[in-house]
Amino acid sequence: MVKRKIIFVGGVHGVGKTTLCKNIESRFNIEHFSASNLISREKTEEHLRSKRVGNIAGNQDILVKAINKYLKNENTYLIDGHFCLLNKDNEITKVPYSTFEGICPSAIIVLVDEPENIYTRLSSRDSVKHDLALLRSFQKQEIYNAEYIRDKLNIPYLMCNATKSEDKIYTFIEGLVPQAVSE
């Protein structure tokens, strides 16, 4: 399988994926897309604020289709998304391995944080109170599935806290994209 020049940035909702990707995008001039926006773009419907997904596998197929349609193989991209999602019944559900086969990422970054910090961010950002035990379990499953995908695809992997390890992340990016010189 030929890897694309896609760095997949995963983590639970509220862990800081978008903020980190925007920082990387401006520092290294690597274009950033969120998986949910690519799905919405392909479905031509507005992204919903709810974190629950009705048809996880179907949406992931749409994500792969959008990547194939909108991203060029010769360019490097950041895609922020998830290794697990909450289904319509609020149950943690793994994103299928076939999704990552379709994405063909060249590397994975998984962001983690203390569940209490994630809870605070989500409460402030979305005005929704999430169950702390669910967030803890969600993050654990996100890491587990990310490591499974990493092992199956045999690609570089970094797991860290974005607010505490930004320099480590930048060094990782520089190692993946030699022409990426920070501005």
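Cut-offs used in this document
Counting starts from 1 at the beginning of each chain's written sequence and moves along it residue by residue. pLDDT decides what is reported in this predicted model: residues at 70 or higher carry local features, side-chain atom pairs at 80 or more are listed and counted, and totals for whole chains, interfaces and linings draw on all residues regardless. Derived side-chain values reflect all non-hydrogen atoms in the structure, with water molecules and hydrogen atoms excluded from consideration. Criterion for a salt bridge: a side-chain nitrogen of Lys or Arg within 4 Å of a carboxyl oxygen of Asp or Glu. Think of it in three bands: with a 1.4 Å probe and only protein chains considered, a residue is buried below 20% of the maximum accessible area for its type, exposed above 50%, and partly exposed in between. Secondary structure elements follow DSSP: runs of H or I no shorter than four residues count as helices, runs of E no shorter than two count as strands, and numbering proceeds from the N terminus. In the analysis that follows, any N or O atom pair within 3.5 Å is treated as a polar contact, provided that within protein one partner can donate a hydrogen and the other can accept it, and provided that, for residues neighboring in sequence, both atoms belong to side chains. Following DSSP output, two strands are said to pair if at least two bridges run between them.

Caption draft 1: Layout of the pattern of salt bridges. Here the structure, examined in full by the defined rule, presents seven salt bridges. Asp113 is the partner of Arg121 in a salt bridge, and the nearest nitrogen-oxygen pair spans 2.4 Å. Residue class for Arg121 comes out partly exposed when judged on its relative accessible area of 30%. Assessed through its relative accessible area of 8%, Asp113 is described here as buried. Across the pair Arg150 and Asp151 runs a salt bridge whose closest N-O atoms are separated by 2.8 Å. For Arg150, a relative accessible area of 22% puts it in the partly exposed group. Overall, Asp151 belongs to the exposed group, its relative accessible area being 52%. What you see here is one network of salt bridges that share partners, running through Glu42, Lys65 and Lys69.

Caption draft 2: Summary view of the environment of Ser26. Position of Ser26 relative to the elements: it lies in helix 1 (residues 17-28). Among the polar contacts made by the side chain of Ser26, one reaches the main-chain carbonyl oxygen of Asn23 at a distance of 3.1 Å.

Caption draft 3: Broad picture of the pairing of strand 5 (residues 84-87). In terms of strand pairing, strand 5 meets strand 6 (residues 92-94) through three bridges, oriented antiparallel. Residue pairing in the sheet places Leu86 in a bridge with Ile92 of strand 6. Linking two consecutive strands that pair antiparallel, namely strand 5 and strand 6, is a turn of four residues; a positive phi of about 65° is found at Asn90 within it.

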